[in-house]
Amino acid sequence: MAEFEGILPLWKEAGMTSHDCVFKLRKLLKMKRIGHTGTLDPDVEGVLPICLGQATKVAEYVMAQGKSYRAVVSLGTSTTTEDASGEVVDQVPAPFSITKEHLQQACEQLTGTIIQTPPMYSAVKVDGRRLYEYAREGKVIERPSREVTIHQLDLVEAPLEWTGETIDFTIDVSCSKGTYIRTLAVQFGEIFGVPAHMKKLVRTKAGGFNSEEAKTLSQLTEMLEKNMFAEVLQPIERALEQWPYHEIPQELEKAFSNGQVLPAHTDLEFHDKIVIGKQGVAHAVYRAHPEKPGFMKPEKMFIRSEMENS
């Protein structure tokens, strides 16, 4: 079987880790060069772009793009993990009420640039160790807060008012890389002065890929058996659409194929990167040279058959 190359929009099902998905795909496709584009918690289902072959070189570009989620926030109880998998550590002593108007105001308050502190049960590293490693030892340590961006935050099908010891509501969130929706749920609780956690989460979009494109492992297995796998595999260029594309001038083909430093393209005055290719196929991503003003250097290079056969 020839090695596949491209980006696979996988629908990760609940109960599996991102690493589980990569392991299963390596066995299914009989290839090793496979990588995912950011961890999804085991309880979370949704879009997880997988990079195959040379597409692993663009994984960081896929991860840097925004993500979208549908989440159920539960007010009234908090947990050790900030989601439904953890143990309850606090709960309200009596029923309370919240109106739709107040929830919409909270959504507005949490939209834009906000500060989050990563949860203890997360993969963020502090002093060389993952936070979840400390958490499993029963330790709570100081961790750095960071800015994230909530591009859009909408309330979904909400009644005019809720009352109870726990109140659940659904939100749609579009956000930047590094955002913790679990922590966003807790921040809703902080606004209302009650404990809170994330009850359910589905990632509906990631790296420019949406839920309609994504396939489950069982669907991919069936497509592979029917020789239809290529229909879902997306080209490397999908991860590069945010930057201008330029054809390689014939006189510079050898220079580009060797990854030489070249005079900077004028587009680098307006963009941090440009894509260089042939007949629409990307061969390199160039950026301004950090030490040589007026020049550019390759950040990524791809070995493509179009260049080899020229």
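Note that the coordinates shown come from a computational prediction; the quantities given were computed from them, not determined experimentally.

### Looking at the sheet that holds strand β19 (residues 281-288)
Phase 1: The strand order β16-β18-β19-β20-β17 describes an open sheet built from five strands, whose pairing is mixed. Since the sheet does not close on itself, it has two edges, and those belong to β16 (245-247) and β17 (262-263), each with one partner.
Phase 2: Where β19 lies against strand β20 (residues 295-301), five bridges are found, and the strand directions are antiparallel. Directly across from Val285, in β20, lies its bridge partner Lys300.

### A few points about the packing of helix α1 (residues 18-29) against helix α6 (residues 217-225)
To describe two helices that pack against each other, one gives the angle between their axes and the distance between the axes.
Phase 1: Their axes nearest at 11 Å, the elements α1 and α6 cross at an angle of 10°. Classified by the angle between their axes, α1 and α6 sit roughly parallel to one another. Here α1 contributes Lys24, Leu25, Leu28 and Leu29 to the contact with α6, which in turn contributes Leu217, Leu220, Thr221 and Leu224.
Phase 2: A class-by-class count of the residues in the contact of α1 with α6 yields six nonpolar, one polar and one charged.

### A look at the packing of aromatic side chains
Phase 1: With the rule as written, the count across this model stands at five aromatic pairs.
Phase 2: Judged by centre distance (5.2 Å) and plane angle (70°), the rings of Phe169 and Phe188 are edge-to-face. Note that Phe169 is positioned in strand β13 (residues 167-175) and Phe188 in helix α5 (residues 181-192), a separation of 19 residues in sequence.
Phase 3: For Phe188, a relative accessible area of 0% puts it in the buried group.
Phase 4: When the ring of Phe256 is compared with that of Tyr286, the centres are 5.3 Å apart and the planes differ by 85°; the resulting orientation is edge-to-face. Of the two residues, Phe256 sits in helix α7 (residues 253-257) while Tyr286 sits in strand β19, which places them 30 residues apart along the sequence. We note that Phe256, like Tyr286, is buried.
Phase 5: What links up through ring pairs into an aromatic cluster is the set Trp162, Phe169 and Phe188.
Phase 6: Cation over ring: Arg129 sits above Tyr134, and NZ or CZ is 4.7 Å from the ring centre.

### Looking at the nonpolar core
Phase 1: Core analysis: the biggest nonpolar cluster contains 54 residues, and Leu25, Leu29, Leu75, Ile171 and Phe188 have the highest contact counts within it.
Phase 2: Inspection of this core shows a minimum of three residues originating in each of domain 1 (6-65 + 207-237) and domain 2 (67-203).
Phase 3: Residues within four places of Ile171 in sequence aside, it is in contact with Tyr69, Arg70, Ala71, Val73, Cys107, Leu153, Asp154, Leu155, Val156, Leu184 and Phe188.
Phase 4: With 21 residues, the next largest nonpolar core counts Ala59, Ala214, Ala239 and Trp243 among its residues.

### Section: the domain arrangement of the protein chain
Phase 1: Under the domain assignment, the protein chain is made up of domain 1 (6-65 + 207-237), domain 2 (67-203) and domain 3 (243-301).
Phase 2: Computed over C-alpha atoms only, the centres of domain 1 and domain 3 are separated by 28 Å.
Phase 3: At the interface, five residues of domain 1 touch nine residues of domain 3.
Phase 4: Of the roughly 530 Å² buried between domain 1 and domain 3, counting both surfaces, carbon and sulfur atoms make up 51%.
Phase 5: At the junction of domain 1 with domain 3, the criterion picks out one salt bridge.
Phase 6: At the boundary of domain 1 with domain 3, the tally comes to five residue pairs in polar contact (both at pLDDT 80 or more).
Phase 7: Of the residues in the side of domain 1 that touches domain 3, the class split is one nonpolar, one polar and three charged.

Rules of the game
Each chain has its residues counted from 1, following the order in which its sequence is written. In keeping with the predicted nature of the model, local features appear solely for residues at pLDDT of at least 70, side-chain atom pairs appear and are counted solely at 80 or more, and the whole-chain, interface and lining totals rest on all residues. Processing note: side-chain calculations cover all non-hydrogen atoms of the structure and skip hydrogens and water entirely. Between any two strands, at least two bridges found by DSSP are needed for them to pair. Only runs of H or I of at least four residues qualify as helices and only runs of E of at least two qualify as strands under DSSP, and these elements are numbered from the N terminus. To define axes, lines are fitted to C-alpha atoms, for helices over the stretch in contact only, and angles between the resulting N-to-C directions are given on a 0 to 180 degree scale. Any angle from 65 to 115 degrees is called roughly perpendicular, while one under 35 is roughly parallel, one over 145 is roughly antiparallel, and all others are oblique. For this analysis, residues touch if any pair of their heavy atoms sits within 4.5 Å. Amino acids are sorted into nonpolar (Ala, Val, Leu, Ile, Met, Phe, Trp, Tyr, Cys and Pro), charged (Asp, Glu, Lys and Arg) and polar (every other residue, Gly among them). Stacked, tilted and edge-to-face pairs are distinguished by plane angle, under 30 degrees for stacked and over 60 for edge-to-face with tilted covering the rest, among Phe, Tyr and Trp rings (Trp via its six-membered ring) whose centres lie within 6.5 Å. For every residue, the accessible area obtained with a 1.4 Å probe (protein chains only) is divided by the maximum for its type, and the residue is called buried under 20%, exposed over 50%, and partly exposed between those limits. Lysine NZ or arginine CZ positioned within 6 Å of the ring centre and within 35 degrees of the ring normal marks a charge as sitting over the ring. The definition of a nonpolar core used throughout is a set of buried Ala, Val, Leu, Ile, Met, Phe, Trp, Tyr and Cys residues joined through side-chain atoms within 4.5 Å. Those domain boundaries reflect an automatic or database domain assignment. The quantity reported as buried area is the accessible area (1.4 Å probe) lost by two parts once they are put together, taken as the sum for both. What counts as a salt bridge is simple: a side-chain nitrogen of Lys or Arg found within 4 Å of a carboxyl oxygen of Asp or Glu. Counting of polar contacts relies on pairs of N or O atoms within 3.5 Å, with two restrictions inside protein: one atom must be capable of donating a hydrogen and the other of accepting it, and residues adjacent in sequence are counted only when both atoms are side-chain atoms.

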